[in-house]
Each structure stands twice: as C-alpha cells, then as structure tokens.
Amino acid sequence: MKMRRSVQAPRGFTLLEVLVALVIVGTALGAGLRAVGGLTSNSDGLRTAMMATWSAENRLVQIRLNREFPQIGRRSFPCPQGDLDLMCQEDVIASPNPQLRRVEVSVFDMANPERRILKLVQLVLKPAFVQ
C-alpha cells in the first residue's frame with residue numbers, strides 16, 4: 001500500500017506582505033497625527049476668539065446695566081480674560097437719531113496689537129434721565 005503524501009500550502013504571510021501592511025498602517029497613523037495637530041491649533045484660535053467675545057460682551061453689558069450714554073469718541077482699556085492679555089478699544093459714534101449712539105468694541109491681542117480678534121457693535125438708547 002502506497003501512502004500518499006498530502007501537500008499543504010504554506011501558512012502565514014510573506015515578508016513582502018508584512019512590509020506593505022506596515023507602510024499602509026504607518027501612512028494612516030501619520031495622517032491621523034497631522035489631523036490631531038491641526039485640531040490643536042484650531043482649538044487655540046477658538047479659545048482666543050471666545051475669550052475676546054467675552055471681553056467685548058462684558059463692556060456692552062456694563063453699558064446697558066449702568067444705563068450709560070457714552071460720550072462720542074474713542075478710548076482703549078485693558079480687558080484681560082484668563083491668561084490672555086487683551087486690549088479693548090471702544091468707539092462711540094453718533095447716529096442720525098440723537099437718541100441713539102453706536103458703540104463698537106474691538107478686541108486686540110496685547111502681544112500683537114495690529115491684529116483685531118473681534119469687533120462687536122451695539123446701539124445704545126439714551127436713558128430718560130440723561131439730559
């Protein structure tokens with residue numbers, strides 16, 4: 001009786017297949033790290049914009065709550081938020097209606113004063129008791 005030898009196909013991956021898989025995984029990981037880096041830089045910009053918005057809104061709310069009718073002109077004042085050194089610039093402009101003033105609050109970064117981060121605008125009504 002003759003015994004038959006069964007020939008089994010070799011199991012496993014070849015070295016070339018493993019290297020191709022490593023290149024694919026490495027490329028995917030590199031793209032993922034680049035995306036996470038972009039999200040981190042975007043996060044810093046959003047945080048700065050949010051803090052600047054708070055600073056400008058604080059001044060506009062202060063005007064409303066104190067029932068101020070600000071004088072026409074421009075003034076600057078520090079308006080830090082958290083660890084950010086911010087400078088606010090308030091421009092008060094006359095409107096065609098003498099009962100209204102246009103208040104513009106711009107927020108700048110003290111480290112880069114030429115870069116305006118944000119500008120909010122509000123109309124202020126002259127309170128009844130102001131002459």
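What you are looking at is a predicted structure, and each value in this text was computed from that prediction instead of being measured.

## Notes on the pairing of strand β3 (residues 100-109)
Part 1 of the reasoning: Within β3, seven of the ten residues are buried, which leaves it mostly tucked inside the rest of the structure.
Part 2 of the reasoning: Pairing of strand β2 (residues 86-94) with β3, which is carried by nine bridges, proceeds in the antiparallel orientation. Across the sheet, the residue bridging to Glu 90 is Val 105, located in β3.
Part 3 of the reasoning: Linking two consecutive strands that pair antiparallel, namely β2 and β3, is a turn of five residues.
Part 4 of the reasoning: Pairing of β3 with strand β4 (residues 112-125) involves ten bridges; the strand directions are antiparallel.

## Here we look at the state of the cysteines
Part 1 of the reasoning: Under the criterion given, the structure shown has one disulfide.
Part 2 of the reasoning: With its sulfur 2.1 Å from that of its partner, Cys 79 forms a disulfide with Cys 88. Residues Cys 79 and Cys 88 are joined by a disulfide whose S-S torsion is about 95 degrees; by sign, that bridge is right-handed.
Part 3 of the reasoning: The buried category is assigned to Cys 88, whose relative accessible area is 0%.

What counts, and where the lines are drawn
The residue count restarts for each chain, going from 1 along the sequence in the order it is written. Given that this is a predicted model, residues contribute local features only at a pLDDT of at least 70 and side-chain atom pairs are listed and counted only at 80 or more, while totals for whole chains, interfaces and linings are drawn from all residues. The basis for every side-chain value is the complete set of heavy atoms in the structure, and neither hydrogens nor water enter the calculation. When a residue's accessible area, from a 1.4 Å probe over protein chains only, is under 20% of the maximum for its type it is buried; when over 50% it is exposed; and in between it is partly exposed. By the criteria applied, helices consist of DSSP H or I runs no shorter than four residues and strands consist of E runs no shorter than two, each listed in order from the N terminus. Strand pairing is defined by DSSP finding a minimum of two bridges between the two strands. Note on terminology: disulfide denotes any pair of cysteine sulfur atoms within 2.5 Å.

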